[in-house]
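Structural features, examined
Here are the chains, one letter per residue:
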Amino acid sequence: MISALDVPLDLSQPPTITQQSPKDYIVDPRENIVIQCEAKGKPPPSFSWTRNGTHFDIDKDAQVTMKPNSGTLVINIMNGGKAEAYEGVYQCTARNERGAAISNNIIIRPSRSPLWTKEKLEPNQVREGDSLVLHCRPPVGLPPPIIFWMDNAFQRLPQSERVSQGLNGDLYFSNVQPEDTREDYICYARFNHTQTIQQKQPISVKVFSMDSLNDTIAANLSDTDIYGAKPVTERQPILLTPTGSTSTKVELRGNVLLLECIAAGLPTPVIRWIKEGGELPANRTFFENFKKTLKIIDVSEADSGNYKCIARNILGSAHHVISVTVKAAPYWITAPRNLVLSPGEDGTLICRANGNPKPNISWLANGVPIAIAPEDPSRKVDGDTIIFSHVQERSSAVYQCNASNEYGYLLANAFVNVLAEPPRILTPANKLYQVIADSPALLDCAYFGSPKPEIEWFKGVKGSILRGDEYVFHDNGTLEIPVAQKDSTGTYTCVARNELGKIQNEVRLEVKDPTMIIKQPEYKVIQRYGQVSFECIIKHDFTLLPTVIWLKDNDELPDDERFLVGKDNLTIMNVTDKDDGTYTCIVNTTLDSVSASAVLTVVARPNPPFDLELTGQLERSVELSWIPGDENNSPITNFVIEYEDGLHEPGVWHYQTEVPGTQTTVQLKLSPYVNYSFRVIAVNEIGRSQPSEPSEQYLTKSANPDENPSNVQGIGSEPDNLVITWESLKGFQSNGPGLQYKVSWRQKDVDDEWTSVIVANVSKYIVSGTPTFVPYEIKVQALNDLGYAPEPSEVIGHSGEDLPMVAPGNVQVHVINSTLAKVHWDPVPLKSVRGHLQGYKVYYWKVQSLSRRSRRHVEKKILTFRGNKTFGMLPGLEPFSSYKLNVRVVNGKGEGPASPDKVFKTPEGVPSSPSFLKITNPTLDSLTLEWGSPTHPNGVLTSYILKFQPINNTHELGPLVEIRIPANESSLILKNLNYSTRYKFYFNAQTSVGSGSQITEEAVTIMDEGKIAMASRQVDIATQGWFIGLMCAVALLILILLIVCFIRRNKGGKYPVKEKEDAHADPEIQPMKEDDGTFGEYSDAEDHKPLKKGSRTPSDRTVKKEDSDDSLVDYGEGVNGQFNEDGSFIGQYSGKKEKEPAEGNESSEAPSPVNAMNSFV
């Protein structure tokens, strides 16, 4: 048995309705009527119609046609037909040899938009505060019209809690006001089907206020009636709709429930809704029309109950209870589903529906009530179920289930199709499925067969059957892999089999890496007019092509060239306030989508405050208030208040005070006689706002000065005057007009009266004819036209200074060491200073060096000792030198006379290092040392000390030898040294005080292995006759060879010499050619000839203290290069290096000079 599967269209099957018009079909009477009825089946079905329960013969009506290969009717209205003539209930039947399916009953009704009936509308004259209802009463249309109120200018009338439109279209006034007076209250009805709008005649409303109403009544009515018109009084609420205390409402399940309460009252009542005994349903409850309408969507039986609306104002309340009953047209619990059975199979059709009241279930077979349909022995009806047993091919039919109650009906077609078919798979072969890793994969295997085939899945062509919890097998043949992994990639085989055959199909699955945003955009705070970038760096499967989209506040980016979208980022140039918002990066591929968002907050300096107001003006204070400007996303931290004095300094703003950013008022202290204006500046983290507009001006009254000038001083500029200065008061400190200063002075400690003078517009006064440097008491007092400031405090000043008259006496010098001396002196009498004692200056200079007896330019040095000090230290003296010094007293005017020059000498010190040390003429067992005397002997040199010690190949130091050398020597030849040995030398000079700093150098004695070998042979065989003859032959050969070489060289050529080395011989030495300086070839050991001493050892060996002692060139050996006569290097080292012996194992052979020197490199 196959249930709810589509039968392939190439197989026989009963008809199935695929498309039909709605049950309640309202048509536009001006257009053709199209009643749809489409069906499929094999063979293709034929169509017929009934109208109002009887056969509708379309061939007899020229206005009606049926579309080819379709059951859809077209009724031609536009060519003379009338829609009203075709009102009725239509039903379509689709039939073939295997059964008949029927459509719903389709009720055709043309829409109607009738005109308003003529009526005479009287003007509405209403007393202010009364309620009013303007009735609309639109004509009955199909469907009902949409109602709205407008004026003559086609502008919608404003509505509020006081004035609103009810569900029935009437306009309700809870209380009328004089502004409600107008003559063009017009109700409009819009009929959507016909797209027409009908207009009611304008309604006039005249609202009388109590005053005007009483005047009118007084003019026209009796005295008794005059007093009946009371002033507007407040009224408690009463309900205008619905009326009474209770009402009922029936609504159908699934519809929208609308309940309304509109109340009159003054003040305007507020509406509140509750459900008695329960809560209003969450997420489905809405309030409309200023809470006068309760709206509950998708109602169900559970929404039945009592709903209470409560209208309340300050005087009381009114309420109304609406009892709601939710009924239900039939709705499906289980709709019947098509059955495909093979011969001999069993099956059931189930039709279950619910409703309120409970619906009646009835069955039809091929559109005929089943009770009168042809009998089928395989069929048995059991209420809402039809049971089929051992069906045969003739059992194929279409069955209809009808569920109906008083609120409607449901009709469903379900066929029984008896077929015998081998399996077939409907999914295309080798279909490719692509999914993202860790997401579900659904592999289709749509199939058909009768009997219903069994489905099995395999992975790969020869894989085992798939089972287990990691797979889900759906009834429609789909294989689900709930969490696909990369190893899920591959080919999957679906096999469908029944008793009539077997078939299989392969599909392919590819599992891709998920798309990820590895660098998400981040929250940014940016200042206005700045630049900001959001990053969105992604990682994705290389086979997928991602697209990146940026959104702002879930909408497209503004069309603005300031927005630059790059590969991995979004950049916004010149940011403005409107760029504030949430920016989202969305990455889409064909298989997945990811997104990330970040908020951009645009900050800026605050907008300036505004609406400055001065209140509470007093003589010395005022209160300033303001309204802050926009803080621009950065909280205001404080406000700065500035003031302008329009009387004394117009246009100049001064700081007054500041208050926290939460404060918008401040009490300001004021000074007299100032024309104040204030402005406020807001400050946040970004900066200061522009100043606010200035406040109004406020001129304070004049008063005596509150303060006197500050920084009063008395200092003489000449020995016979006193200059009195002060810091003038600022304009606002004058407290009134006519600002002046009273300057007073008298000599201190003398019984004198105060001398005073009054000055204006100055800040200095000079008193002449004063004694030299005597103290004065001084005071400066401010005054203006209203009087004096408080008594000022006194300050002490002095008349002018003169140069000191006396030099310090008893100057003594105590030499502490060769570079430091201490000087003493007696202080001068204070009266002789004739001014403020600032200190003493010591002048000292070097006369001559006692060791050199040479004079040079005298450079005097000065040391200043502040205050009344009587001694000081003289550092940095040169040893063994003669000095002079004198001492002078200093005051504010200058220096006094110098004391007599005092001579002192510094003792000897240790000398500096010798100026240079040169090591020259290295031989097998000797070195020549030359040196220069110290630049600063600092005494009489007594001797030189030379220390030296050998250094072996491992840089270990040997025994130290010390030699004392007379001071008058400048060179020394060291003999009896070891050949080919490095020595380290330490050299310094001495005076009687001690040794000076030393200078160090290193040098190497040379070794000539050729000479050693020759000497050894001379000892052993030199007396042999055969040896003498051999030597002569060798000498002759060498002479011939030299002649040949000389000739070839003169021709410009070079002669080759064998290039090989003896494995145990020392490295060969490359002599430089005398003519061009290039190196010659190596020679064999047999051809080796010792070089001249002059070519191996430079004539002069100078080692500078700063040079590296590891350089081969510094040693000046002949194997490395060539030197000029002054020892400067002119060649380059190009010889090969021998391997050094392993550390700790010395060679049994004497090391060559090259090896000896390489061991220290």
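Because the structure is predicted, anything quoted here is derived from the model rather than measured. (Residues numbered from 1 in each chain as written. Predicted model: local features only at pLDDT ≥ 70, side-chain atom pairs only at ≥ 80, totals over all residues. Heavy atoms only, no water.)

Its location among the elements puts Val774 in the loop between β69 (764-768) and β70 (775-784). The sequence separation of Val774 and Gln747 amounts to 27 residues, and the corresponding C-alpha distance is 7.4 Å. Look past the residues within four positions of Val774 in its chain and what remains in contact with it is Gln747, Gly797, His798 and Ser799. (Helix = DSSP H or I, 4+ residues; strand = E, 2+ residues; numbered from the N terminus. Contact = heavy atoms within 4.5 Å.)

Bringing the nonpolar core into the picture now. One finds Ile33, Ile35, Trp49, Ile75 and Tyr90 to be the most contacted residues of the largest nonpolar core, which totals 29 residues. Only β4 (33-35), β5 (37-42), β6 (46-51), β9 (73-75), β10 (88-96) and β12 (106-110) provide two or more residues apiece to this core. Looking at which element gives the most residues to this core, the answer is β10, with 3 residues. The residues contacting Ile75, other than those within four sequence positions of it, are Asn32, Ile33, Ile35, Gln63, Val64, Tyr86 and Tyr90. If you look at the next biggest cluster of nonpolar residues, it comprises 20 residues, including Leu612, Trp626, Leu668 and Tyr676. (Core = buried A, V, L, I, M, F, W, Y, C linked by side-chain atoms within 4.5 Å. Buried < 20%, exposed > 50% of the residue type's maximum accessible area, 1.4 Å probe, protein only.)

With that settled, consider the environment of Gln19. By secondary structure assignment, the location of Gln19 is in strand β2 (residues 13-20). Separated by 19 residues in the primary sequence, Gln19 and Glu38 have C-alpha atoms spaced 4.9 Å apart. With near-sequence residues (within four places) excluded, Gln19 lies in contact with Gln36, Cys37 and Glu38. Side chain to side chain, Gln19 and Gln36 meet in a polar contact 3.3 Å long. (Polar contact = N/O pair within 3.5 Å; in protein donor to acceptor, adjacent residues only side chain to side chain.)

A full pass over the atoms with the stated rule returns 39 salt bridges. Across the pair Arg98 and Glu393 runs a salt bridge whose closest N-O atoms are separated by 3.0 Å. Within this pair, whereas Arg98 is found in the loop between β10 and β11 (99-102), its partner Glu393 is found in the loop between β36 (385-388) and β37 (397-405), the two being separated by 295 residues in sequence. Owing to a relative accessible area of 8%, Arg98 belongs among the buried residues under this scheme. Here Arg182 and Asp151 are joined by a salt bridge, their closest N and O atoms 3.3 Å apart. Taken together, the residues span a long stretch of sequence, with Arg182 in strand β18 (residues 182-191) and Asp151 in the loop between β15 (146-150) and β16 (163-165) at a distance of 31 residues. Classification of Arg182 by relative accessible area gives partly exposed; the value is 27%. It is possible to trace a salt-bridge network through shared partners that takes in Asp151, Arg182 and Asp184. (Salt bridge = Lys/Arg side-chain N within 4 Å of Asp/Glu carboxyl O.)

Here we come to the packing of aromatic side chains. Geometry of an aromatic ring pair is reported as the spacing of the ring centres plus the angle between the planes. Going through the model one piece at a time under the given rule, you end up with 22 aromatic pairs. Grouping aromatic residues by their ring pairs yields a cluster made of Phe148, Phe154 and Tyr188. The residue whose ring lies beneath Lys822 is Phe871, and the NZ or CZ to ring-centre distance is 4.9 Å. A cation over an aromatic ring shows up here: Arg888 above the ring of Tyr843, its NZ or CZ 4.1 Å from the ring centre. (Phe/Tyr/Trp six-rings, centres within 6.5 Å; stacked < 30°, edge-to-face > 60°. Lys NZ or Arg CZ within 6 Å of the ring centre and 35° of its normal.)

A sheet is described by the order of its strands in space; here 5 strands give the open sequence β49-β57-β56-β52-β53, paired in mixed fashion. A strand with exactly one partner marks an edge of an open sheet, and here the two such strands are β49 (524-527) and β53 (555-556). Sheet topology places strand β56 (residues 581-588) next to strand β57 (residues 593-603); 8 bridges connect them, and they run antiparallel. Residue pairing for β57: Cys585 is matched across the bridge by Ala596. (Pairing = 2+ DSSP bridges.)

In this section: the state of the cysteines. This structure, assessed with the given rule, holds 6 disulfides. The residue that forms a disulfide with Cys136 is Cys187, at a sulfur-sulfur distance of 1.9 Å. With the S-S bond torsion at -70°, the cross-link from Cys136 to Cys187 turns out left-handed. Of this pair, Cys136 sits in the loop between β14 (132-134) and β15 while Cys187 sits in strand β18, and the two are 51 residues apart along the sequence. (Disulfide = S-S within 2.5 Å.)

This part takes up the confidence of the model for the chain. This prediction gives the chain a mean pLDDT of 85; 86% of its residues lie at or above 70. The lowest-confidence element of the chain is helix α7 (residues 1112-1115), averaging 31 in pLDDT; the highest-confidence one is strand β27 (residues 293-296), averaging 97. Scored below 50 in pLDDT, residues 1009-1020 shows 4 contacts in the model against residues more than four places distant or in partner chains. Contacts of residues 1052-1161 to residues separated by more than four positions or lying in other chains number 169 contacts, the stretch itself having pLDDT below 50. (pLDDT = per-residue confidence, 0-100.)

Moving on to the environment of Leu783. If you trace the backbone, Leu783 turns up in strand β70. What makes Leu783 buried here is its relative accessible area of 8%. As for Leu783 and Leu739, which are separated by 44 residues in sequence, their C-alpha atoms are 5.8 Å apart. Filtering out sequence-adjacent residues up to four positions away, Leu783 remains in contact with Pro705, Gly738, Leu739, Gln740, Tyr741, Lys742, Ile758 and Tyr788.

Let us now look at the sheet that holds strand β26 (residues 285-288). Read across the open sheet, the 3 strands follow the order β23-β27-β26; overall the sheet is antiparallel. Of all strands in the sheet, those with a lone pairing partner are β23 (257-260) and β26, marking the two edges. On average, each strand axis in the sheet is inclined to that of its neighbour by 20°, with strand direction left out of account. (Axes fitted to C-alpha atoms, helices over the stretch in contact; angles between N-to-C directions.)

What follows deals with the pairing of strand β47 (residues 501-512). Where strand β40 (residues 431-436) lies against β47, 6 bridges are found, and the strand directions are parallel. Each bridged residue has a counterpart across the sheet, and for Leu432 the counterpart in β47 is Arg508. In the sheet, strand β46 (residues 490-498) pairs with β47 via 9 bridges, with the strands oriented antiparallel. The residue bridging Val495 from the neighbouring strand is Gln504, located in β47.

Let us now look at the side chain of Thr293. Position of Thr293 among the secondary structure elements: in strand β27. The buried category is assigned to Thr293, whose relative accessible area is 3%. With residues up to four places along the chain from it excluded, the contact list for Thr293 reads Leu167, Leu258, Leu259, Glu260, Trp273, Phe286, Phe287 and Glu288.

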